[in-house]
Amino acid sequence: MERPDTGQGAGRCLTHGTCEWSGQLSVSRGGRGGGPPGTSRKDDWLPRLSIPAAPTPAMADYHRPDANTLQALKDVANRLRIHSIRATSAAGSGHPTSCCSAAEIISTLFFHTMKYKAQDPSNPSNDRFILSKGHAAPVLYAAWAEAGYLDSKELLNLRKINSILEGHPVPKQVFVDVATGSLGQGLGASAGMAYTGKHFDKASYRVFCLLGDGESSEGSVWEAMAFASFYKLDNLVAIFDVNRLGQSDPAPLQHNVEIYRKRCEAFGWNAEVVDGHSVEELCKALWQASQVKDKPTAIIAKTLKGKGISGVEDMENWHGKPIPKDKMEEIIKEIQGRIENNKKLSPEQPVEDAPDISIKNIKLSSPPNYKLGDKMATRKAYGVALAKLGHDNPRVVALDGDTKNSTFSDLFRKEHPERFIECYIAEQNMVSIAIGCCTRDRTVAFASTFATFFSRAYDQIRMAAISESNVNLSGSHCGVSIGEDGPSQMGLEDLAMFRAIPTATVFYPSDGVSAERAVELAANTKGVCFIRTSRPENAVIYDNSEVFQIGKAKVGNVGGEKIVTSKCNLTVAGMNIKVIDLFTIKPIDAKTIIECAKDTTTKRIITVEDHYHEGGLGEAVCAAVAMEPGILVQRLAVQGVPRSGKSSELLEKFGINAKAIVKAVRCGKG
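Residues numbered from 1 in each chain as written. Predicted model: local features only at pLDDT ≥ 70, side-chain atom pairs only at ≥ 80, totals over all residues. Heavy atoms only, no water.

Trainee: How would you summarise the overall build of the protein if you had to cite specific residues and measurements?
Mentor: When its secondary structure is counted, the protein shows 21 helices and 22 strands. In the protein, which comprises 670 residues, the share counted as buried stands at 56%. Within the protein, contacts between residues separated by at least 24 positions form 76% of all contacts whose residues are at least 6 apart in sequence. Of the roughly 28,100 Å² of accessible surface on the protein, 49% is carried by carbon and sulfur atoms. (Helix = DSSP H or I, 4+ residues; strand = E, 2+ residues; numbered from the N terminus. Buried < 20%, exposed > 50% of the residue type's maximum accessible area, 1.4 Å probe, protein only. Contact = heavy atoms within 4.5 Å. Areas by Shrake-Rupley, 256 points an atom, 1.4 Å probe, with all protein chains shown as cover.)

In C-alpha cells:
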C-alpha cells in the first residue's frame with residue numbers, strides 16, 4: 001500500500017484532525033494479530049497522530065520577557081558570580097562553585113519573580129526566600145548587594161569575625177529567616193512559612209526554597225515534600241539546583257533530572273525540568289508555578305557546578321575551595337566579558353496584605369482551676385493551657401506528630417481546629433514546620449510529641465537555636481513512669497538534649513498548676529522552650545494563685561536538715577528535710593539551691609529524677625554548686641536501659657520512688 005499523501009509531511013485525518021505521517025510506527029499487539037503484548041512492527045503507511053495539547057487559559061497569558069530584560073538577568077547572574085568569587089577568595093574559604101551553579105536561578109528569582117521591598121527585607125508582605133543549600137551563602141549576599149541593601153564592599157568581609165556575613169546564612173542578617181547549612185532542613189521551614197501565609201496570614205506572599213541536589217538524599221526533604229503536597233501549598237516553590245557534583249563524589253543521580261521530576265510528581269508536586277542556566281526557561285517555569293492551584297511546584301534545574309569558571313566548570317574536587325588569588329583576576333575578566341551592561345534591576349513591590357498582628361503578653365484566658373490534692377497529669381494540663389492560650393490570642397498555633405490524644409494537644413484542636421497542624425509521624429519535619437511558622441513573628445507555635453521522639457529531630461532543634469527561633473516544644477511520656485509501653489517510648493535523654501541548646505529554656509512542671517503556668521511563660525519567652533510533661537496523674541500541690549517565674553525554684557520547708565530536689569512529687573514523712581521544686585532546669589535557680597544547702601548542717605543534696613544520670617537534673621545541680629566547697633550531691637536517677645512494667649514497679653526498680661528517697665536521706669544522717 002502507498003501512503004495516502006506522498007507529497008506532504010502531514011495529511012488530514014477525518015477522525016483526529018491533523019496528523020503526522022511516519023514511515024515507522026510501534027503498535028501494541030495486545031489481543032489481535034500475531035504477536036505477544038509489547039511487540040512492534042513497521043508499517044510505512046500507518047499514521048502517527050500528533051495532537052498538540054490545548055493551551056490552558058493561564059499559558060495563553062504568559063508574556064516572554066523582552067530581550068533587554070533577559071540580557072539584564074544574564075548580566076546580573078554573571079555579576080553574582082564575580083561577587084561570589086571575589087568574596088570567597090578574600091576569605092580564603094567558601095564555596096564559589098556552588099554559588100556559580102545557582103547564579104541564574106538567584107538572578108531570576110530576585111530580579112524578575114519575587115516581590116519584596118529591598119530596603120525592608122523582613123517586611124511581612126515580602127516574598128520569602130530560603131537558601132537550603134546554605135554553603136552557597138555568598139551568592140545570596142551578592143543578590144542583596146545587587147538589590148541595594150548591602151554595600152558590595154561588605155562582601156569582601158565574608159566570614160570575618162566582625163562581619164554579619166557568616167559562612168552560612170544566619171538571622172544576624174535581617175534578610176535571613178532561618179539559619180541553614182545543616183542540609184535538608186530549608187524546605188521544611190519553607191513549608192511552615194507557606195502554611196502560615198496561606199492559612200493564617202491569608203496573604204499574597206509566596207515562598208521560594210533553593211535546594212542542592214546532594215541534600216535531596218536527606219529524608220527530611222521528602223518529609224517536607226509530603227507535607228507540602230498534602231496541605232496543597234500552592235504558594236510554595238522548591239528549586240533543585242542539580243549541578244551533579246557533591247562534596248566528595250558526584251551526587252547519586254548526577255544529571256538524571258527525569259528521576260528527580262518523577263520523584264517530585266510521585267510526592268504530589270507539580271514538577272518542571274529546565275536548563276538552570278537559561279534565564280528564559282527559569283522565568284517561564286517560575287511564572288507557570290504561580291498559575292498552579294492546590295499543588296506546590298518543584299523546578300528541577302539542570303546546572304553545572306562552577307558554571308562560567310574556565311577549567312573548573314563541572315570538574316570534581318572543587319567543592320568548598322576558593323579560586324586561587326593568582327588565577328582570580330583572569331577568571332573575573334573572562335566573566336566580565338560576558339556582561340553587556342551594568343543596568344540595575346529592581347524587584348517588583350509586594351502586595352501589602354499581610355495583617356498587622358501582636359504576639360506580646362499572651363495570657364491564659366482563665367487561671368488554673370484545681371483543688372489541692374486533685375489528680376492531674378501534667379501532659380493534660382499542657383493541653384488545657386494551650387487551648388486557653390488559643391482563646392486569648394488568635395496567633396497561637398499547635399502542631400503535633402499523630403500523638404495528639406496522648407500529648408493532649410487534641411484539646412487545642414477541638415477548640416481551634418483552624419489553627420491546628422497535624423504533621424503526622426515525621427518529627428523532624430514537624431519541628432522545621434514549627435520553626436517556619438514562627439518566622440517574622442507571625443505565630444506563637446507549640447509542637448508536641450513524646451519527649452523521646454524529639455531525639456530524631458535534634459539537629460532541627462539545634463538549628464532552631466542558630467535561627468534565633470522562638471519555637472515551643474512539649475515532650476510528654478517522660479521517664480520510666482509511663483510503665484508498660486517500655487523503653488522505646490520513655491523520654492530519658494530529653495533534659496540532656498535541651499540543656500545543651502544555648503537558647504533553651506527547659507520547664508519541668510510538677511503539677512497541673514505549674515504546667516499551665518509553664519505553657520503561659522513559654523508563649524512569652526524568647527528562644528527555644530521545652531516543656532517536659534508526664535503521663536501519670538499526680539497530686540496538685542500548688543494553689544491556683546501561685547506565681548511562677550523562669551529560673552526561680554519553689555522551696556517546701558518540711559524541716560531544716562536535708563534537701564531533696566525531687567521531680568517525683570513525693571513526700572518523705574517524718575524526715576527533717578527541705579523540698580525544692582526547680583520548675584525550670586535551665587536556667588536553674590543556683591542561688592536558692594546553694595542557700596538551702598548552706599542552711600543545713602550536713603550541706604547535703606539529694607536529687608531525684610526520672611531521667612538518665614547523664615545530662616539531667618542531677619548534673620545541672622552539680623554544675624550549680626561546683627564552686628561551693630563542702631556541698632555534697634547524691635543523685636538518684638535511672639541507670640541502664642529500662643523495660644516494660646507497671647509505673648510503680650519501675651520507679652522502685654530504678655530507685656527513684658518514695659522508699660528510695662527515704663533510704664537515701666536516712667543513709668546520709670550525720
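Having put the structure on the table, let's press on.
Trainee: Please provide a residue-by-residue account of the side chain of Thr 533, values included.
Mentor: Secondary-structure assignment places Thr 533 in the loop between β15 (529-532) and β16 (537-539). Taking relative accessible area as the criterion, Thr 533 reaches 1% and is therefore assigned buried. Contact partners of Thr 533, with chain neighbours within four places excluded, come to Thr 378, Arg 379, Tyr 382, Ser 474, Gly 475, Ser 476, His 477 and Cys 478.

Trainee: Break down the sheet that holds strand β7 (residues 270-275) for me, with residues and values.
Mentor: Reading across from one edge, β4-β5-β6-β8-β7 is the order of the five strands in this open sheet, with parallel pairing throughout. Taken across any chain shown, the strands that pair with only one partner, and hence form the sheet edges, are β4 (128-131) and β7. Pairs of neighbouring strands in the sheet enclose a mean axial angle of 20°, with direction left out of account. As judged from the four bridges shared by β4 and strand β5 (residues 207-212), these two strands associate in the parallel manner. Considered in β5, the bridge of Phe 129 is made with Phe 208. (Pairing = 2+ DSSP bridges. Axes fitted to C-alpha atoms, helices over the stretch in contact; angles between N-to-C directions.)

Trainee: Report on the pairing of β7, specifying residues and quantitative values.
Mentor: Pairing between β7 and strand β8 (residues 297-302): six bridges, direction parallel. When the sheet's bridge partners are listed, Val 274 is paired in β8 with Ala 301. Crossover β7 to β8 through helix α9 (residues 279-291) is right-handed. (Right-handed = clockwise from strand over helix to strand, strands pointing away.)

Trainee: Explain the nonpolar core residue by residue, including any values.
Mentor: Within the largest apolar cluster, 78 residues are counted, with the highest numbers of intra-cluster contacts made by Leu 187, Leu 399 and Leu 473. Looking at this core, you find at least three residues from each of domain 1 (72-338) and domain 2 (370-669). Listed in part, the 49 residues of the second largest apolar core include Ala 118, Tyr 141, Trp 144 and Leu 150. (Core = buried A, V, L, I, M, F, W, Y, C linked by side-chain atoms within 4.5 Å. Domains from an automatic or database assignment.)

Trainee: Lay out the environment of Lys 646 in plain terms, naming residues and giving numbers.
Mentor: Take Lys 646: it is sitting in the loop between β22 (632-638) and α20 (647-653). C-alpha separation for the pair Lys 646 and Asp 485, spaced 161 residues apart in sequence, amounts to 9.3 Å. Beyond its immediate chain neighbours, meaning those up to four positions away, Lys 646 contacts Gly 483 and Glu 484.

Trainee: Would you mind going over the pattern of salt bridges in detail, with residue names and values included?
Mentor: Any two side chains of opposite charge can pair if their charged atoms end up close together. Applying the stated criterion to the full structure yields 32 salt bridges. Where Arg 462 meets Asp 459, a salt bridge forms, and the shortest distance between an N and an O atom there is 2.8 Å. Here Arg 462 pairs with Asp 459, and both are found in helix α15 (residues 458-466), just three residues apart, close to one helical turn. On the basis of relative accessibility, which here comes to 37%, the residue Arg 462 falls in the partly exposed class. A salt bridge links Glu 546 to Lys 554; the nearest nitrogen and oxygen atoms lie 2.8 Å apart. Exposure remark for Glu 546: the relative accessible area of 26% places this residue in the partly exposed category. The exposure class assigned to Lys 554 is buried, which follows from its relative accessible area of 18%. Look at the salt bridges and you will find they share partners, linking Arg 79, Glu 146 and Lys 344 into a network. (Salt bridge = Lys/Arg side-chain N within 4 Å of Asp/Glu carboxyl O.)

Trainee: Outline the packing of aromatic side chains, supporting the account with residue identities and numerical values.
Mentor: The geometry of an aromatic ring pair is captured by two quantities: the separation of the ring centres and the angle between the planes. Counted according to the given criterion, the structure contains 25 aromatic pairs. A ring pair is formed by Tyr 542 and Phe 548, whose centres lie 5.0 Å apart and whose planes are at 85°; its orientation type is edge-to-face. Chaining the aromatic ring pairs together yields one cluster made of Phe 110, Phe 111, Tyr 116, Phe 129, Tyr 141, Trp 144, Tyr 149 and Phe 175. Here Arg 128 stacks its cationic end above the ring of Tyr 205, 3.6 Å away from the centre of that ring. (Phe/Tyr/Trp six-rings, centres within 6.5 Å; stacked < 30°, edge-to-face > 60°. Lys NZ or Arg CZ within 6 Å of the ring centre and 35° of its normal.)

Trainee: Residues and numbers for the confidence of the model for the protein, please.
Mentor: Here the protein averages 90 in pLDDT, and 88% of its residues register 70 or above. Below a pLDDT of 50 lies the segment residues 1-58, which in the model reaches 63 contacts outside its immediate sequence neighbourhood of four places, other chains included. Taken together, the stretch residues 568-573 has pLDDT below 50 and engages in 12 contacts with residues farther than four places along the chain or on a different chain. (pLDDT = per-residue confidence, 0-100.)

Trainee: Quick one: what's the story with the packing of helix α4 (residues 103-113) against helix α5 (residues 137-146), residue by residue and with numbers?
Mentor: Between α4 and α5, the least distance of the axes is 10 Å, while the angle of their chain directions is 35°. The interaxial crossing formed by α4 with α5 has right-handed handedness. Here Ile 106, Phe 110 and Phe 111 of α4 come into contact with α5, specifically with Val 139, Leu 140, Ala 143, Trp 144 and Glu 146. Across the contact of α4 with α5, the residue classes tally to seven nonpolar, no polar and one charged. (Left-handed = near helix turned anticlockwise from the far one by under 90°. Nonpolar A, V, L, I, M, F, W, Y, C, P; charged D, E, K, R; others polar.)

Trainee: So what's going on with the environment of Pro 642? Which residues, and what values?
Mentor: One can find Pro 642 in the loop between β22 and α20. By relative accessible area, which is 5% here, Pro 642 ends up buried. Sequence-distant contacts of Pro 642, that is, excluding residues within four places in its chain, are made with Val 480, Pro 487, Met 490, Leu 492, Tyr 612 and Phe 654.

Trainee: Can you lay out the packing of α4 against α9 for me, pointing to particular residues and giving the numbers?
Mentor: Close contact between α4 and α9 brings their axes to 10 Å; oriented N to C, the two are set at 55°. Comparing their axes, α9 and α4 come out oblique. In this structure, the crossing between α4 and α9 has a hand that is right-handed. For the pair α4 and α9, the contacting residues are Glu 104, Ile 105, Thr 108, Leu 109, His 112 and Thr 113 in the first and Val 279, Leu 282, Cys 283 and Leu 286 in the second. For the contact of α4 with α9, a count of residues per class yields six nonpolar, three polar and one charged. (Parallel < 35°, antiparallel > 145°, perpendicular 65-115°, else oblique.)

Trainee: With reference to specific residues and values, describe the sheet that holds strand β14 (residues 505-507).
Mentor: Either a parallel or an antiparallel arrangement is found when strands of a sheet pair, and the pairing is made through backbone hydrogen bonds. The strand order β11-β10-β12-β13-β15-β14-β20 describes an open sheet built from seven strands, whose pairing is mixed. Edge positions in the sheet fall to β11 (420-422) and β20 (584-586), since each has one partner strand and no second. Strand-to-strand twist in this sheet, taken as the mean axis angle between neighbours without regard to direction, amounts to 20°. Direction of pairing for strand β12 (residues 444-450) relative to strand β13 (residues 472-476): parallel, over a ladder of five bridges. The residue bridging Ala 447 from the neighbouring strand is Leu 473, located in β13.

Trainee: How would you explain α5 if you had to name every residue and give the values?
Mentor: With respect to burial, α5 is a largely interior element, 10 of its 10 residues being buried. Every buried residue of α5 is listed here: Ala 137, Pro 138, Val 139, Leu 140, Tyr 141, Ala 142, Ala 143, Trp 144, Ala 145 and Glu 146. Contacts from the buried residues of α5 go to α2 (67-91), α3 (96-101), α4 and β4. A positive phi of about 95° marks Gly 148, the residue just after α5.

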